[in-house]
Amino acid sequence: GRREGACGDFRVKFPSRPSAQELQTLAGQLDVRSSSLAREWDVLAGFLEGAVASKLTWHDWPMELLPASGPWQKATKRPGNWLGSLARGTKKRPGSALAQYRSFQDCTEAVQWHERNVLHHEYSYVVASRWDLQWLIPFPGLPLLQSTDPDAVWVPGTQGDFYANDRFAAVPRRHAAAYFGVWQLIVSGRSEEVFNEQLPGSGLPVYDAENVNTETFLWARLARAGVRVTGLPALAYVHCAPSQDLTSLRTLGYWSCTSFSQILGGSNVRPEFLATLGGAKYPREFNAIVMTDNVLNGILHAEDDDLVEVSSGTSADRQTGMPQRMTRLFPRDSVQRQPEWTQENLMAASFVGTQLEISRHLKEKDCLVPAEMKSSLVRCRRFLRVVLSLATLRGEFYEDALELARARVIAAPLHLESWLWLTLVLMHPYLKMQAAAAASARQALALNGGHTCAQSMHAMLLQDRPAPTLQDLDEALGGPNATRASQAARRQVTRRLKRRRAARARVVGSCVAARSSPCLDAWLAFGSLFMHEGWLSAAAGVLALLRADFWVEGEEATRPEEDPRVLAFEAKLRRAVEQPEGWATWGASLEDHLLDAPGRSDLLDEGWLRGQEARTGQGGRDLQAAGIRNVVFSYSPAWQRMVAV
């Protein structure tokens, strides 16, 4: 399926590589837009000259490498830019993820070829990096990473959205397939296995819930493979050239390019020096690098409280220490002068970066607005876990963990997991809220009295303690207003659960004898309810049933493709799938949803309906809490340390 002449043979190392000037000339001939500077083309030419295997691609569009139809279509209903550049019909999903995945495939084949035909043994690590990263602090080196955690995949510990930053990775060779084998995962349809295990609520049942970006999908496939991910301190940022030229992805691209004059405006660094630095695509990457520099040079320690972003304008360091720091980070002689990396300062710098990341997200009320959390339960669970892991080292973060757990209960009041998390946080000795924890545990037990964790927590908290009161529940949730909000949310979810079952019962009651007009009306009402709630795959199941197995019996039988009611339903569903309000599902088609849509037996089965409802926080209910497998307690002289796994 590859266009002829689109690329060279990446397995062969030719005697000579194009020079920077030749690359620029070739780019001009092919009308390739780029704002890359001449020195950047020199760097690229050097990479190609020294590479053991390489490929230069201009027109290798990933969509042309995918068959017209096949198992990969199942992936399109999963929302987010993890399928960036998916383009079908009039919509193209933003991002370039498919091109990245195809490049990973090419690189993997090149590495394997070189190992078989040249080395005759495997590499110990495979390192992946964006080539436009600007490294301000030296990489710690593979020997240090290997001695610190030899089995881990090392990625930047910040800017990963609580999943796994995909801009750089040091991957042990034995985990290379899990990291780089993503193209085949999608083409074969096996990406569905990753989603069903790690991200079941992404796009199902609600089509625009749990959006997945490339960081999320990277974490999910590594987690499924049992690969541990360890965070590196911030060392590099994505460089860009500030410009108003929107046609070039090397400048503003889809998002922005913030100049260093903006990032460090108000500091006493010379403006003419800042103007020479260009910009950062993600300004907070530079903020995190400053924290790493602080730790390396003894300015900041992991136990310090004053973590201030350099762009906030509140740190005295902006006026006093910034010129010296900029000299270290951007030396005129290009020789980086930093203390040597050790395991101690490596982990300390990573810890400080995590604190900075968490503090920023908490300040922005991330995962603290129940209405927004309903569509991000998995991501907010990840956030809560990170905060709790940090709280075991800095106790004050238990207060933040409590606010996150309270918001989760209001967002998903009929999800057992929400109450287990709240109970877990409340029962920690640091908070001294044992009575409130008992009230929360009772709510969990009311949802599922047979759940092992709910039983154990309830029994432990009620030992030698009176039964919890309404005031204890108020304290658990944050006050009477929060209790009322939780009760209102519970009533709202209950009404939606009843509406689904009433619509299903109408189908069962109307379709006993024959395929009649009332039966058709009942199915269309059931499908319309699914569509209204965003359950597009379920609505596609109704359409498939009507297309293949239904017609109104009578003197003149009406086939579904001729019935105006069915045609109107299909047209509305196609618009919802192929012309959605948001961009997250662009590139999907109704035929994709029909490929593995639920059948009649599923749509009328209570077990199937409960399984779908357990995936979502939008009018859903989950009594099994599969996200919490156990609660582990360990003891220390300072306090009882607890981690949920």
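Residues numbered from 1 in each chain as written. Predicted model: local features only at pLDDT ≥ 70, side-chain atom pairs only at ≥ 80, totals over all residues. Heavy atoms only, no water.

Structural notes on the packing of helix 22 (residues 470-477) against helix 23 (residues 480-510)
Under the convention used in this document: Axis angles are defined between N-to-C directions and span 0 to 180 degrees, where every axis is a line fitted to C-alpha atoms and, for a helix, only to the segment in contact. Strands are runs of DSSP state E lasting at least two residues, helices are runs of H or I lasting at least four, and both sets are numbered from the N terminus onward. Angles are sorted into four bins: roughly parallel if under 35 degrees, roughly antiparallel if over 145, roughly perpendicular if 65 to 115, and oblique for all others. In this analysis, two residues are considered to be in contact whenever any of their non-hydrogen atoms come within 4.5 Å of each other.
With their axes 7 Å apart at the nearest point, helix 22 and helix 23 run at an angle of 90° to one another. The angle between helix 22 and helix 23 places the two elements in the roughly perpendicular class. On helix 23, the residues touching L473, D474 and L477 of helix 22 are P480, A482, T483 and S486.

A short note on the pairing of strand 8 (residues 236-240)
Rule in force here: Burial status follows relative accessibility: with a 1.4 Å probe on protein chains alone, a residue under 20% of its type maximum counts as buried, one over 50% as exposed, and anything between as partly exposed. Whether two strands pair comes down to DSSP finding at least two bridges between them.
Counting buried positions along strand 8 yields five of five residues, so the element is predominantly enclosed. Pairing geometry for strand 4 (residues 133-135) and strand 8, over three bridges, is antiparallel. Residue pairing across strands places Q134 opposite Y237, the latter belonging to strand 8. Pairing between strand 8 and strand 10 (residues 279-280): two bridges, direction antiparallel. If you follow C240 over to strand 10, its bridge partner there is G279.

Re the packing of aromatic side chains
Inclusion rule: Only Phe, Tyr and Trp rings take part, Trp by its six-membered ring, and two of them pair if their centres are within 6.5 Å. Stacked means planes under 30 degrees apart, edge-to-face means over 60, and tilted covers everything else. Only when the NZ of Lys or the CZ of Arg is both within 6 Å of the ring centre and within 35 degrees of the ring normal is a charge said to sit over the ring.
For the structure on display, the rule yields 20 aromatic pairs. Taking the centre distance of 5.2 Å and the plane angle of 90° together, the rings of F104 and F180 count as edge-to-face. One end of the pair, F104, is in helix 4 (residues 97-119); the other, F180, is in helix 6 (residues 176-180), and 76 residues separate them in sequence. Look at F195 and F217: their rings are 5.5 Å apart centre to centre, the planes differ by 15°, and that puts the pair in the stacked class. With F195 in helix 8 (residues 191-198) and F217 in helix 9 (residues 214-224), this residue pair connects regions lying 22 residues apart in the sequence. Three or more aromatic residues joined by ring pairs make a cluster, and in this case those are Y237, F260, F273, F286 and F330. R167 extends its terminal NZ or CZ atom over the ring of Y282, reaching a point 3.9 Å from the ring centre.

Details of helix 24 (residues 517-532)
Going by this rule: To estimate how far a helix should reach, multiply one less than its number of residues by 1.5 Å.
An ideal rise of 1.5 Å per residue puts 22 Å on 16 residues; helix 24 measures up with 22 Å between its terminal C-alpha atoms. Turning to helix 24, its buried residues are C519, L520, A522, W523, L524, F526, G527, L529, F530 and M531. Following helix 24 by one or two positions, G534 has its phi on the positive side, about 85°.

Description of helix 18 (residues 397-411)
Compared with the 21 Å implied by 1.5 Å per residue over 15 residues, the 21 Å span of helix 18 between its first and last C-alpha is a close match. Inspection of helix 18 places F397, Y398, A401, L402, L404, A405, R406, A407, R408, V409, I410 and A411 among the buried residues, and these make up the whole buried set. If you follow the buried residues of helix 18, they end up packed against helix 15 (343-363), helix 16 (370-373), helix 17 (377-391), helix 19 (416-426), helix 22 and helix 23.

Some words on the sheet that holds strand 4
Taken in spatial order, the four strands make up an open sheet running 4-8-10-9, and their pairing is antiparallel. Each having just a single partner strand, strand 4 and strand 9 (258-259) make up the two edges of the open sheet. The sheet contact formed by strand 9 and strand 10 spans two bridges and is antiparallel. From the neighbouring strand, S259 faces strand 10, where its bridge partner is G279. This element, helix 12 (residues 283-296), spans strand 8, strand 9 and strand 10 of the sheet and lies at about 145° to strand 8.

Details of the state of the cysteines
Heads up, the rule is: Two cysteine sulfur atoms form a disulfide, by the criterion used here, when they sit within 2.5 Å.
This model, assessed by the stated rule, comprises three disulfides. Disulfide pairing is shown between C240 and C257; the S-S distance is 1.9 Å. Note on the C240 and C257 pair: the S-S dihedral is about 95°, so by sign convention the disulfide is right-handed. In this pair, C240 sits in strand 8 while C257 sits in the loop between strand 8 and strand 9, placing the two residues 17 residues apart along the sequence. The residue that forms a disulfide with C511 is C519, at a sulfur-sulfur distance of 1.8 Å. Of note, the bridge from C511 to C519 carries an S-S torsion of about 105° and is right-handed in sense. By relative accessible area, C511 is classed as partly exposed at 21%. The exposure class of C519 is buried, given its relative accessible area of 2%. What links to what in the protein chain: the bonded cysteines, counted in sequence order, pair as 1-2, 3-4, 5-6.

Observations regarding the pattern of salt bridges
Charged atoms that come close allow side chains of opposite charge to pair. Heads up, the condition is: Think of a salt bridge as a Lys or Arg side-chain nitrogen and an Asp or Glu carboxyl oxygen that are within 4 Å of each other.
The full count for this structure, using the stated rule, is 38 salt bridges. Salt-bridge contacts for R270 lead to E272; the nearest nitrogen and oxygen are separated by 3.2 Å. Judged by relative accessible area, which is 41%, R270 ranks as partly exposed. Classification of E272 as partly exposed rests on a relative accessible area of 48%.

A closer look at the side chain of N294
Take N294: it is sitting in helix 12. When its relative accessible area of 9% is taken as the criterion, N294 is described as buried. Look past the residues within four positions of N294 in its chain and what remains in contact with it is I299, L300 and R325.

Observations regarding the confidence of the model for the protein chain
The line we're drawing: The predictor attaches a confidence to each residue, called pLDDT, with possible values from 0 through 100.
The predicted model of the protein chain averages 84 in pLDDT, with 80% of residues at 70 or higher. Across residues 1-16, where pLDDT falls below 50, the model places 38 contacts with residues more than four positions away in sequence or in other chains. Across residues 311-319, where pLDDT falls below 50, the model places 19 contacts with residues more than four positions away in sequence or in other chains.

Observations concerning the side chain of R496
Rules: Any pair of N or O atoms that falls within 3.5 Å is considered a polar contact. Within protein, one atom must be able to donate a hydrogen and the other to accept it, and sequence-neighbouring residues count only if both atoms are side-chain atoms.
Looking at the element boundaries, R496 is found in helix 23. Separated by 3.4 Å, the side chains of R496 and E533 make a polar contact. Here R496 is in contact with E533, Q618 and G619, once residues within four sequence places are set aside.

A look at the nonpolar core
Rules: In this text, buried Ala, Val, Leu, Ile, Met, Phe, Trp, Tyr and Cys residues form a nonpolar core when linked through side-chain atoms within 4.5 Å.
Formed by 55 residues in total, the largest nonpolar core has its most connected members in F383, L388, W419, L420, L422 and L426. Among the elements of the structure, helix 15, helix 17, helix 18, helix 19, helix 20 (434-447), helix 21 (452-461), helix 22 and helix 23 are those that each provide at least two residues to this core. It is helix 18 that provides the largest number of residues to this core, a total of 10 residues. When near neighbours in sequence (up to four residues on either side) are disregarded, W419 contacts V409, P413, S440, Q443, A444, L447, L473, L477, S486 and R490. Counting 42 residues, the second-largest nonpolar core is a separate cluster that includes L136, L232, V290 and W341.

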